[in-house]
Amino acid sequence: MRKLKSETWVAGDCTRCGRQLRRYWHFCPDCAKRLTWRDERKETGCECYYCGWIVSDSFWFCPWCGRKIADEASSEEPLKKPRGFLYHARCPYLSCRGGVQYPMDYCPWCGRQQHWPFDDEFDGECPHCDGGVDDLMDYCPWCGKDATGRDLLRPALQRVRGLFRAARVPDWGYRILVRPGISGVDPNFPKVVEIERRLVERRDEISWPNLVGLLTHELGHSFLFHHWRFARSRRFRNAFGDVSKAYRGVDESWVSFRKRNFPETPVNYVTAYASKHPLEDFAETFRFYVIRRGRLKDLLAEIGRKGKGVIVFEKFLTLHTYLQELRRKKRAR
Ligand SMILES: [Zn+2]
Ligand SMILES: [Zn+2]
Ligand SMILES: [Zn+2]
Ligand SMILES: [Zn+2]
Ligand SMILES: [Zn+2]
């Protein structure tokens with residue numbers, strides 16, 4: 001892995017929205033404005049003929065657009081660090097080994113594409129180009145597309161938003177991100193719900209209703225982590241149990257959350273998955289509540305028909321009452 005020295009980057013402000021920018025980003029993460037980094041400070045006296053970005057006259061290729069810009073001023077051989085640029089690594093190709101600066105897209109000496117590790121610098125990866133992005137970025141600074149990946153989930157998200165409105169769940173400012181890795185919610189970042197990227201890429205294997213179910217289940221976790229006092233309250237414990245019970249969260253990407261009706265067993269939980277832990281019990285109860293648009297009467301009737309235990313009534317009532325209280329508090333504010 002190549003080590004980066006990001007503290008040496010120079011920042012500027014977006015001329016459209018004022019957001020602070022790192023030098024050599026291609027797009028503003030807030031407004032998606034396409035950026036051009038010219039030789040404004042007269043560091044090299046040289047800009048690419050094609051893209052207008054700062055280059056060195058010793059370069060053979062533009063490190064930003066990759067086009068050939070060699071002329072008689074170009075260096076005979078690859079340099080480590082021409083004036084105006086920093087040295088971060090050597091080009092990985094043995095035939096070249098010229099100096100390159102993060103985040104050059106192409107080697108200025110041999111023109112080959114460069115790949116940089118983004119691990120420490122950013123929270124995650126853009127689902128469109130694999131470049132580094134932060135959780136709060138709306139647009140990817142590298143490719144300019146939706147950095148959250150929500151564009152890939154659009155039909156499922158529209159459905160989920162509609163269901164939340166119908167069930168009258170007050171918005172707690174959650175943020176859905178499509179990311180590599182696993183689907184889930186980190187209790188330390190309760191508002192961030194990550195959905196595994198492979199689910200979106202392999203759309204033929206997972207149906208929209210299942211994705212709606214997964215999103216709603218994960219949002220249940222996010223909701224509870226965000227309202228943690230409720231999770232620690234006596235009424236919650238009486239209905240769902242003790243959330244501090246030992247439990248290791250699992251990757252839920254491929255669990256089926258498709259069904260809209262309760263299975264008859266287990267008797268004291270909405271689904272078998274709910275019996276794993278009080279956190280899952282809540283997330284599953286929350287999912288059914290939302291998918292069934294918060295229609296408590298319908299839910300309770302079905303619980304009765306399926307011969308579920310009284311405790312299942314209790315769970316839905318606890319959630320329903322808590323949501324009512326939240327709405328009341330919101331109105332009072
Ligand atoms: Zn901007
Ligand atoms: Zn260029
Ligand atoms: Zn090279
Ligand atoms: Zn991107
Ligand atoms: Zn879960």
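In every chain, residue numbers begin from 1 and rise along the written sequence. To read the labels, note that chains go from A and ligands from 1, taken in the order they are written. Note on the predicted model: pLDDT of at least 70 is required for a residue's local features to be given, and 80 or more for side-chain atom pairs to be given and counted; whole-chain, interface and lining totals, by contrast, use all residues.

Asker: Teacher, can you tell me more about the overall build of the protein chain here?
Answerer: Helix and strand counts for the protein chain stand at eight helices and nine strands. Over its C-alpha atoms the protein chain spans a radius of gyration of 26 Å, topping by over 25% the 20 Å that the globule rule assigns to 333 residues. With the C-alpha coordinates of the protein chain rotated into their principal frame, the extents come out at 85 × 45 × 35 Å. Counting other C-beta atoms within 10 Å of its own, a residue is labelled buried from 20 upward, exposed at 12 or fewer, and partly exposed in the gap between, with every C-beta atom placed from the backbone. Here the protein chain holds 333 residues, and the buried ones make up 36% of them. Here, residues touch in the contact sense if the C-beta positions derived from the backbone fall within 7 Å of one another. Excluding contacts between residues fewer than 6 apart, the proportion of contacts in the protein chain whose partners are at least 24 apart in sequence is 47%. Each helix is a run of DSSP H or I of at least 4 residues and each strand a run of E of at least 2, with the numbering of both proceeding from the N terminus. When we talk radius of gyration, it's over C-alpha atoms, and the globule rule is simply 2.2 Å times the number of residues to the 0.38.

Asker: Would you mind showing me how to read the nonpolar core here?
Answerer: Within soluble globular proteins, side chains that are nonpolar generally end up buried alongside one another. By size, the foremost hydrophobic cluster in this structure holds 42 residues, and its most contacted members are Ile195, Leu211, Leu215 and Phe286. Broken down by secondary-structure element, the contributors of at least two residues to this core are helix H1 (154-167), strand E7 (175-179), strand E9 (192-196), helix H3 (208-226), helix H5 (234-240), helix H6 (278-291) and helix H8 (310-332). Ignoring sequence-local partners within four residues, the contact set of Ile195 consists of Leu153, Ile176, Val178, Ser183 and Leu215. Counting 14 residues, the second largest nonpolar core, distinct from the first, contains Cys48, Ile54, Phe61 and Tyr106. The term nonpolar core refers to a group of buried residues, namely Ala, Val, Leu, Ile, Met, Phe, Trp, Tyr and Cys, whose C-beta atoms join them within 7 Å.

Asker: Please explain the packing of H1 against H6 as it appears in this structure.
Answerer: Between two packed helices, what matters for the description is the angle formed by their axes and the separation of those axes. All axes here are fitted lines through C-alpha atoms, helices being fitted over the stretch that makes contact, and every angle between N-to-C directions spans 0 to 180 degrees. Interaxial distance between H1 and H6 falls to 8 Å at its minimum, and their mutual angle equals 85 degrees. The pairing of H1 with H6 is recorded here as roughly perpendicular in orientation. Each of Leu163, Phe164 and Ala167 in H1 lies in contact with H6, whose residues at this interface are Tyr289, Val290 and Ile291. The classification used treats Ala, Val, Leu, Ile, Met, Phe, Trp, Tyr, Cys and Pro as nonpolar, Asp, Glu, Lys and Arg as charged, and all other residues, Gly among them, as polar. Of the residues contributing to the contact of H1 with H6, the split by class is six nonpolar, no polar and no charged. Working rule for angles: under 35 degrees goes down as roughly parallel, over 145 as roughly antiparallel, 65 to 115 as roughly perpendicular, anything else as oblique.

Asker: Even after reading the chapter, I still don't get the pairing of E9, so can you show me in this structure?
Answerer: Sheet faces and side chains relate simply in a regular strand, where the side chains alternate between the two faces. Summarising burial for E9: five of the five residues are buried, a large majority. Residues Val192, Glu194 and Glu196 line one face of E9 and the alternating positions Val193 and Ile195 line the opposite face, and both faces are buried. As paired elements, E7 and E9 share five bridges and run parallel to each other. Its bridge partner being in E9, Ile176 is matched across the sheet by Val193. Direction of pairing for strand E8 (residues 184-185) relative to E9: antiparallel, over a ladder of two bridges. Its bridge partner lying in E9, Gly184 is registered against Glu194. Pairing between two strands is assigned when DSSP locates at least 2 bridges connecting them. Taking the residues between adjacent antiparallel strands as the criterion, E8 and E9 are bridged by six residues.

Asker: How should I be thinking about unusual backbone geometry in this particular structure?
Answerer: Negative phi values dominate among residues other than glycine, just as trans dominates among peptide bonds. The peptide bond linking Tyr102 to Pro103 adopts the cis configuration, its omega dihedral lying at -5 degrees. For the bond from Thr265 to Pro266, the omega torsion is -5 degrees, close enough to zero to count as cis. Backbone geometry at Tyr24 places phi at a positive 80 degrees, although glycine is not the residue there. Among the structural elements, Tyr24 can be located in the loop between strand E2 (20-22) and strand E3 (89-90). Positive phi values are uncommon outside glycine, yet Arg293 reaches one of about 55 degrees. Relative to the assigned elements, Arg293 resides in the loop between H6 and helix H7 (296-305).

Asker: What am I meant to see in the packing of H6 against H8 here?
Answerer: Packing of H6 against H8 brings their axes to within 10 Å, and their N-to-C directions diverge by 70 degrees. On the basis of the axis angle, H6 is roughly perpendicular to H8. H8 is crossed by H6, and the crossing has right-handed handedness. Contact with H6, carried on its side by Thr285, Phe286 and Tyr289, involves Lys315, Phe316 and Leu319 of H8 and no other residues of that element. In this scheme the crossing of two helices becomes right-handed for a clockwise turn of the near helix relative to the far one and left-handed for an anticlockwise turn of less than a right angle.

Asker: What is the right way to look at the sheet that holds E8 in this model?
Answerer: Whenever strands of a sheet pair, they do so through backbone hydrogen bonds, lying parallel or antiparallel. Taken in spatial order, the three strands make up an open sheet running E7-E9-E8, and their pairing is mixed. Two strands close off the open sheet at either side, each with one partner strand: E7 and E8.

Asker: Honestly, H8 in this entry has me stumped. Any pointers?
Answerer: Three- or four-residue spacings in an α-helix give side chains the same orientation, since the helix completes a turn every 3.6 residues. Expected span of a helix: the number of residues minus one, times 1.5 Å. For H8, with 23 residues, the first-to-last C-alpha span of 33 Å sits near the 33 Å given by 1.5 Å per residue. Here H8 has its buried residues at Val312, Lys315, Phe316, Thr318 and Leu319.

Asker: In this structure, what is going on with the confidence of the model for the protein chain? I would like to understand it.
Answerer: It should be kept in mind that the predicted coordinates are not to be read in detail where pLDDT is low. Every residue is assigned a pLDDT by the predictor, reflecting its confidence on a scale from 0 to 100. Model confidence for the protein chain is summarised by a mean pLDDT of 92, while 97% of its residues fall at 70 or above. When mean pLDDT is compared element by element in the protein chain, H5 scores highest at 98, while strand E1 (residues 11-13) scores lowest at 83.

Asker: It is not clear to me how the environment of Ser183 should be interpreted in this structure. Could you clarify?
Answerer: Position of Ser183 relative to the elements: it lies in the loop between E7 and E8. You can call Ser183 buried: it has 24 C-beta atoms within 10 Å. For the pair Ser183 and Leu279, spaced 96 residues apart in sequence, the C-alpha to C-alpha distance is 15 Å. Those residues in contact with Ser183 that lie beyond four places of it in its chain are Glu194, Ile195, Glu196, Leu199, Leu214, Glu218, Asp251, Glu252 and Ser253.

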